[in-house]
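Fold and contact review
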Amino acid sequence: MKIAVYPGSFDPVTLGHLDIIRRASALFDKLIVVVMHNVSKYPMFTAEERMHFLRRTTSGLPNVEIDGYSGLLADYAAKQGACTIVKGLRAVSDFDYEFSMALANRKLNAQVDTAFLMTSAEYMYLSSSMVKDIALHGGKITDFVPEEIENEIYRRVRKDG
């Protein structure tokens, strides 16, 4: 069985993330979408909330599982028996960082490769940070996030703002 891991903060999950999830799930027998703890980020949503969002928005993809992890991605991939780490790229600027991470993960776990998927053109500009900024300033996020979680994002920014 070919298992892949798609890591991210998903704070919140966007249509761009779902684009990568759908496409990656078609390439592997099992895709584990893992909400990673990143010490350099201060998430708006808890890891549990982000995993809940992902479960709701990927429920129609039977080979997709949602998980959370706070250690090294290379270790997580090994524990799951994954052969591939999937990374979405929006622009060439993403590649520099992601390429370095891929090399580090390969050094830490020689059994795992990294596959880069280019985000579909309609989502190349999209990021979770952008979504949060637009929502915080009262803008419309309908075209950026799954419908199932839009109202929860608005509720959070109203409560925190």
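Structure's up top.
**A closer look at the packing of aromatic side chains**
- Overall, the coordinates contain six aromatic pairs when judged by the stated rule.
- Geometrically, the ring pair formed by Y69 and Y76 is tilted, given 4.9 Å between the ring centres and 50 degrees between the ring planes.
- Note on Y76: relative accessible area 2%, which makes it buried.
- Seen from their ring centres, Y125 and F144 are 6.1 Å apart, and the 80 degrees between their planes marks the pair as edge-to-face. In this pair, Y125 sits in the loop between strand 5 (113-118) and helix 5 (128-136) while F144 sits in the loop between helix 5 and helix 6 (147-160), placing the two residues 19 residues apart along the sequence.
- Judged by its relative accessible area of 44%, Y125 falls in the partly exposed class.

**With respect to the pattern of salt bridges**
- Counting across every chain of the model gives eight salt bridges.
- Close ionic contact of K30 with E65 constitutes a salt bridge, the shortest N to O distance being 3.4 Å. One end of the pair, K30, is in strand 2 (residues 30-36); the other, E65, is in strand 3 (residues 64-69), and 35 residues separate them in sequence.
- Residue classification places E65 among the partly exposed residues on the basis of a relative accessible area of 39%.
- Of the charged contacts, one joins D113 and R106 as a salt bridge, the two residues approaching to 2.9 Å between their closest N and O atoms.

**A look at the layout of surface pockets**
- When its volume is computed, the largest pocket comes out at roughly 1100 Å³.
- Lining the largest pocket are 38 residues, with G8, S9, K41, K87 and E98 sitting closest to its centre.
- A total of seven residues in the lining of the largest pocket trace back to one element, the largest contributor, which is helix 4 (residues 92-108).
- In terms of residue class, the lining of the largest pocket is built from 16 nonpolar, 14 polar and eight charged.

**Quick look at the sheet that holds strand 5**
- In spatial order, the strands read 3-2-1-4-5; together these five strands make up an open sheet with parallel pairing. A single partner strand is all that each edge strand has here, and the edge strands are strand 3 and strand 5. Between one strand axis and the next, the sheet turns through 30 degrees on average, direction left out of account.
- One ladder, built from six bridges, connects strand 1 (residues 3-8) with strand 2; its direction is parallel. Each bridged residue has a counterpart across the sheet, and for Y6 the counterpart in strand 2 is V33.
- Contacting strand 2 and strand 3, helix 2 (residues 47-57) crosses the sheet at an angle of about 150 degrees to strand 2.

**Quick look at the pairing of strand 5**
- Sheet analysis places strand 4 (residues 84-89) next to strand 5, joined by six bridges and oriented parallel. Bridge pairing links G88 to L117 in strand 5.
- Chirality of the crossover, the property in question, places the unit of strand 4, helix 4 and strand 5 among those that are right-handed.

**Things to note about the nonpolar core**
- Residues Y6, I21, L31, V33, L54, V86 and I141 are the most contacted members of the largest nonpolar core, which totals 33 residues.
- Secondary structure elements with two or more residues in this core: strand 1, helix 1 (15-25), strand 2, helix 2, strand 3, helix 5 and helix 6.
- Discounting residues that sit within four places of it in the chain, I21 has contacts with Y6, L31, V33, L54, T58, L61 and V64.
- Ranked by size, the runner-up nonpolar core spans twelve residues in total, among them V5, I32, M36 and Y76.

Rules used in this analysis
- Per chain, residues are indexed from 1 in the order of the written sequence.
- Local features in a predicted model are, by the rule used here, given only for residues with pLDDT of at least 70; side-chain atom pairs are given and counted only at 80 or more, and totals for whole chains, interfaces and linings are based on all residues.
- Note that water and hydrogens are dropped before the side-chain values are worked out from all heavy atoms of the structure.
- Pairing of aromatic rings covers Phe, Tyr and Trp, the last through its six-membered ring, and needs centres within 6.5 Å; plane angles under 30 degrees mean stacked, over 60 mean edge-to-face, and all others mean tilted.
- Partly exposed residues are those whose accessible area sits between 20% and 50% of the maximum for their type, while under 20% is buried and over 50% is exposed, using a 1.4 Å probe and protein chains only.
- Secondary structure elements follow DSSP: runs of H or I no shorter than four residues count as helices, runs of E no shorter than two count as strands, and numbering proceeds from the N terminus.
- Salt bridges are defined by distance alone: a side-chain nitrogen of Lys or Arg within 4 Å of a carboxyl oxygen of Asp or Glu.
- Of the grid points, spaced at 1 Å and generated over the protein atoms alone, those admitting a 1.4 Å probe that cannot get out make up cavities, while open sets with protein on both sides within 12 Å along at least five of seven lines make up pockets; any residue with an atom within 4 Å of a point is treated as lining.
- Grid points are joined across faces, edges and corners, and a volume is the space filled by probe spheres set on the points.
- Ten residues, namely Ala, Val, Leu, Ile, Met, Phe, Trp, Tyr, Cys and Pro, are considered nonpolar, four, namely Asp, Glu, Lys and Arg, are considered charged, and the remaining ones, Gly among them, are considered polar.
- For two strands to be treated as a pair, DSSP must find no fewer than two bridges joining them.
- With axes taken as lines fitted to C-alpha atoms, and helix axes fitted only over the stretch in contact, angles between N-to-C directions fall between 0 and 180 degrees.
- Residue contacts follow a heavy-atom distance rule, with two residues in contact if any of their heavy atoms lie within 4.5 Å.
- Convention used here: a crossover is right-handed provided that the path from the first strand, over the helix, to the second strand proceeds clockwise when the strands point away from the viewer.
- Nonpolar cores are built from buried Ala, Val, Leu, Ile, Met, Phe, Trp, Tyr and Cys residues. Side-chain atoms within 4.5 Å join them into one set.

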